[in-house]
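Listed here are the chains, written in short residue letters.
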Amino acid sequence: MFVNTPPLGWNTWNTFGANINEELILQAADAMIETGLKDAGYNYVVIDDIWALKERDQNGRLVPDPQKFPHGMKYIADYLHQRGLKFGMYSCAGYLTCAGYPASFEHEWDDAKSFAEWEVDFLKYDYCFHPVSVRADILYKRMGLALANCGRDILFSACSWGSDHTRRWIKETGASMWRSTGDIMDSWTSIRDIAQSQLKVMEYNGHGCFNDMDMLVVGMNGQGNVGLTGCTYEEYRLHFSLWAFMNSPLMIGCDVRQMDDQTRSILTNREILAINQDPDGRSPFFANSHVFTPAENRGPDDAFYKDYPLDTPILAKYLSNGDIAIGLFNLSDTEASMWQTTITFDMLGLPATSGKTLELHDLWNGEVIRAVNGVIQIGSCPAHDCRVFRAKVVDAD
Ligand code: GLA
């Protein structure tokens, strides 16, 4: 299945881990509607690992745990579909899922059939306990082909954490998104480490198959399955903004039934979501002005990025209406300096001879900054915070 924009939704894993059941899924679906998440575009409701019985039935089919899902999976699909939501499930390319439940190796076509019968719309496909005798790309092709022939449109969400050079082959498999990192935890260091690693692979992103930086921890506040220290409001805001800028699928991981106002205001920031969902789906690029990068230096990943300011990346992304999204993400532990917050037009592809300048609209506080002398001075950006703008090209007078 080909997608033009990164999928948006909610997934059980980050908060609930093994503690999932039918009631939770239906309540989460209701909450997504009542809180405005669905209206903002989040439409996939995904049941992650630990939904099945430990053994297949006598026909080799996966069996939903009847204690957790007494009416089976089609019942959940119907509930979601009646409310305009889509249904996601989870399996794995190995013998077992990451939590030790039956997985799809040598059952790919049977399982794709079950998912189609249950009217599933999305399959997250993990990589634990995989056979070492079969190449990674072949394992994902086996399920990609099975899904493409199952008689239903099922979005294939590959989750091999970027290992075995996933980026080189993932687009061959039919996947619409690929996990380009290991698992996120609810802490600042986890967010920062993922962000810095993902800045090095952003050119693999794009239409049809998006880099998946893992599910959001916004609003977890240290609670739940991957809850650690929790983060500040500013850190969650940066996390959301950066994932959006990088075209990552945005899968909410907090308990949507009890979001506080700050959490909701982050997750439903329409202007940030519009950057993520821009129909052109272009990759972001570095716009830090004090880094000189002649085109001929663009070598393989690490050589290319070694001089880049991974502590204070400034990203720009061309949008479909001619605007430019611009974001400064302060991943360092100190206030950004004037050098780190000044952008020259040449990095954005805007010549002085154009007679144009840029007017920047801050997407978190509404402030408007106008560039002067072909230079944007963003001003202050504290540690662990971000400044995110939509820049309009306007007449210079
Ligand atoms: C892996 C994945 C996680 C989650 C768990 C479930 O760790 O990367 O996102 O799906 O498995 O066991």
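Here is a short report on the structure shown in this document. Given the structure is predicted, the values throughout are model-derived calculations rather than measurements.

What the rule picks out here adds up to 14 aromatic pairs. Here the aromatic rings of Y44 and F122 are separated by 5.1 Å at their centres, their planes lie at 50°, and the arrangement is tilted. Linking Y44 in strand β2 (residues 44-46) with F122 in strand β4 (residues 122-126), this pair joins segments that are 78 residues apart in sequence. With a relative accessible area of 5%, Y44 lands in the buried category. Residues F285 and Y318 carry aromatic rings whose centres are separated by 5.5 Å and whose planes lie at 90° to one another, so their mutual orientation is edge-to-face. One end of the pair, F285, is in strand β11 (residues 285-286); the other, Y318, is in strand β12 (residues 314-318), with 33 residues separating them in the sequence. Classification of Y318 by relative accessible area gives partly exposed; the value is 35%. One aromatic cluster is present, formed by Y125, Y127, Y140, F156, W161 and W169 through successive ring pairs. Just above the ring of Y101 sits the side chain of K54; from NZ or CZ to the centre is 4.6 Å. Taking the ring centre of Y79 as reference, the NZ or CZ of R83 above it sits at 3.5 Å.

Pairing is possible between side chains of opposite charge, provided their charged atoms come close. Here the structure, examined in full by the defined rule, presents 26 salt bridges. A salt bridge links D30 to R83, with the shortest nitrogen-to-oxygen separation between them at 3.9 Å. Of this pair, D30 sits in helix α2 (residues 22-34) while R83 sits in the loop between α4 (72-82) and β3 (86-92), and the two are 53 residues apart along the sequence. Note on D30: relative accessible area 26%, which makes it partly exposed. Judged by its relative accessible area of 28%, R83 falls in the partly exposed class.

The next point concerns the side chain of N269. Within the secondary structure, N269 is located in the loop between α10 (261-267) and α11 (270-276). Residue classification places N269 among the buried residues on the basis of a relative accessible area of 9%. Only 3.1 Å separates the side chain of N269 from the backbone nitrogen of I272, close enough to count as a polar contact. There is a polar contact of 3.0 Å between the side chain of N269 and the backbone oxygen of L363. Beyond its immediate chain neighbours, meaning those up to four positions away, N269 contacts L363 and W364.

With that out of the way, let us pick up the sheet that holds strand β18 (residues 386-395). One open sheet accounts for six strands, arranged β11-β12-β13-β18-β15-β16; its pairing is antiparallel. Because the sheet does not close on itself, it has two edges, and the strands there are β11 and β16 (368-370). Of the pairings in the sheet, the one linking strand β15 (residues 356-362) to β18 comprises seven bridges and is antiparallel in character. When the bridges of β18 are listed, K356 appears paired with D395. Lying over the sheet, helix α9 (residues 233-245) contacts β12, β13 (324-329) and β18, oriented at roughly 140° with respect to β13.

A few words on the state of the cysteines. Such a bond, covalent and formed between the sulfur atoms of two cysteines, is termed a disulfide. Tallying each qualifying case throughout the model produces one disulfide. The disulfide partner of C98 is C128, and the gap between their sulfur atoms is 2.1 Å. Looking along the S-S bond of the C98-C128 disulfide, the torsion reads about 95°, which is the right-handed sense. Of this pair, C98 sits in the loop between β3 and α5 (108-117) while C128 is found in the loop between β4 and α6 (136-148), placing the two residues 30 residues apart along the sequence. C98 gets classed as partly exposed once you look at its relative accessible area, which sits at 32%. Just so you know, C209 is unpaired, no disulfide at all, and the nearest cysteine sulfur is the one on C159, 13 Å from it. We note that C386 lacks a disulfide partner, and the nearest cysteine sulfur, in C381, lies 6.7 Å from it.

Okay, a nonpolar patch on the surface next. A cluster of nonpolar side chains, Y95, L96 and F129, forms an exposed patch at the surface whose accessible area comes to about 320 Å². Along the chain, the position of L96 falls in the loop between β3 and α5.

With that settled, the discussion passes to the environment of T166. By secondary structure assignment, the location of T166 is in helix α7 (residues 166-169). Residue T166 is classed as buried on the basis of its relative accessible area of 1%. For the pair T166 and A31, spaced 135 residues apart in sequence, the C-alpha separation works out to 35 Å. Those residues within four positions of T166 in sequence are excluded, and the remaining contacts are S160 and W178.

Let us look at the nonpolar core. Membership of the largest hydrophobic core comes to 102 residues, with the highest contact counts inside it found for W10, Y42, W51, F240, W243 and L267. Dropping the residues within four chain positions of it, L267 is found in contact with L37, Y42, L216, V218, F240, I252, C254, M259 and L273. Core analysis: the next-biggest nonpolar cluster, separate from the first, contains 20 residues, A287, I343, I376 and C381 among them.

Attention now moves to α2. For α2, spanning 13 residues, the distance from its first C-alpha to its last is 18 Å, which sits close to the expected 18 Å at 1.5 Å a residue. For α2, the set of buried residues is E22, L24, I25, L26, A28, A29, A31 and M32. On its buried face, α2 is in contact with β1 (8-11), α1 (13-16), α3 (37-40), β2 and α4. Its side-chain oxygen at 3.1 Å from the backbone nitrogen of E23, N21 defines the N-terminal cap of α2.

A separate point is the packing of α2 against α4. Their axes nearest at 10 Å, the elements α2 and α4 cross at an angle of 10°. Here α4 runs roughly parallel to α2, going by the angle between their axes. Between α2 and α4, the residues in contact are E22, I25, L26, A29 and D30 and Y75, I76, Y79 and L80, respectively. Grouping the amino acids of the contact of α2 with α4 by side-chain chemistry returns seven nonpolar, no polar and two charged.

Calculation rules
Residue numbers run consecutively from 1 along every chain, following the written order of its sequence. The predicted nature of this model means local features are confined to residues of pLDDT at least 70 and side-chain atom pairs, given and counted, to a pLDDT of 80 or more, with totals for whole chains, interfaces and linings taken over all residues. As a rule here, side-chain values cover all heavy atoms of the structure and leave hydrogens and water aside. Ring geometry is summarised as follows: Phe, Tyr and Trp rings, the Trp one being its six-membered ring, pair when their centres sit within 6.5 Å, and such pairs are stacked at plane angles under 30 degrees, edge-to-face over 60 and tilted between the two. A helix here means a DSSP run of H or I that spans at least four residues, while a strand means a run of E at least two residues long, and both kinds are numbered starting from the N terminus. To sort residues, take the accessible area from a 1.4 Å probe on protein chains only and compare it with the maximum for the residue type: under 20% means buried, over 50% means exposed, and anything in between is partly exposed. Whether a charge sits over a ring depends on NZ of Lys or CZ of Arg being within 6 Å of the ring centre and within 35 degrees of the ring normal. Salt bridge, as used here, is a side-chain nitrogen of Lys or Arg placed within 4 Å of a carboxyl oxygen of Asp or Glu. The term polar contact refers here to a pair of N or O atoms within 3.5 Å; inside protein, the definition further demands a hydrogen-donor-capable atom paired with an acceptor-capable atom, and it admits residues adjacent in sequence only when both atoms are side-chain atoms. In what follows, residue pairs with any heavy atoms lying within 4.5 Å of each other are defined as contacts. Two strands pair under a simple rule: DSSP has to find at least two bridges between them. Note on method: axes are straight lines fitted to C-alpha atoms, helices fitted across the in-contact stretch only, with angles between N-to-C directions ranging 0 to 180 degrees. Disulfides are defined in this document as cysteine sulfur pairs within 2.5 Å. Within the patch definition used here, like charges are joined within 9 Å and nonpolar side chains (Val, Leu, Ile, Met, Phe, Trp, Tyr) within 5 Å, considering only residues with over 30% relative accessible area and no salt bridge. Each accessible area is a Shrake-Rupley estimate made with a 1.4 Å probe; only the visible protein chains count as cover when residues are assessed. What makes a nonpolar core is a set of buried Ala, Val, Leu, Ile, Met, Phe, Trp, Tyr and Cys residues whose side-chain atoms join them at distances within 4.5 Å. Given the number of residues in a helix, its expected span is that number minus one, multiplied by 1.5 Å. Angular relationships are summarised with four words: roughly parallel below 35 degrees, roughly antiparallel beyond 145, roughly perpendicular across 65 to 115, and oblique for the angles in between. Three classes are used, and their members are as follows: Ala, Val, Leu, Ile, Met, Phe, Trp, Tyr, Cys and Pro are nonpolar, Asp, Glu, Lys and Arg are charged, and the others, Gly among them, are polar.

Treat this as a map of the structure, not an account of what it does.
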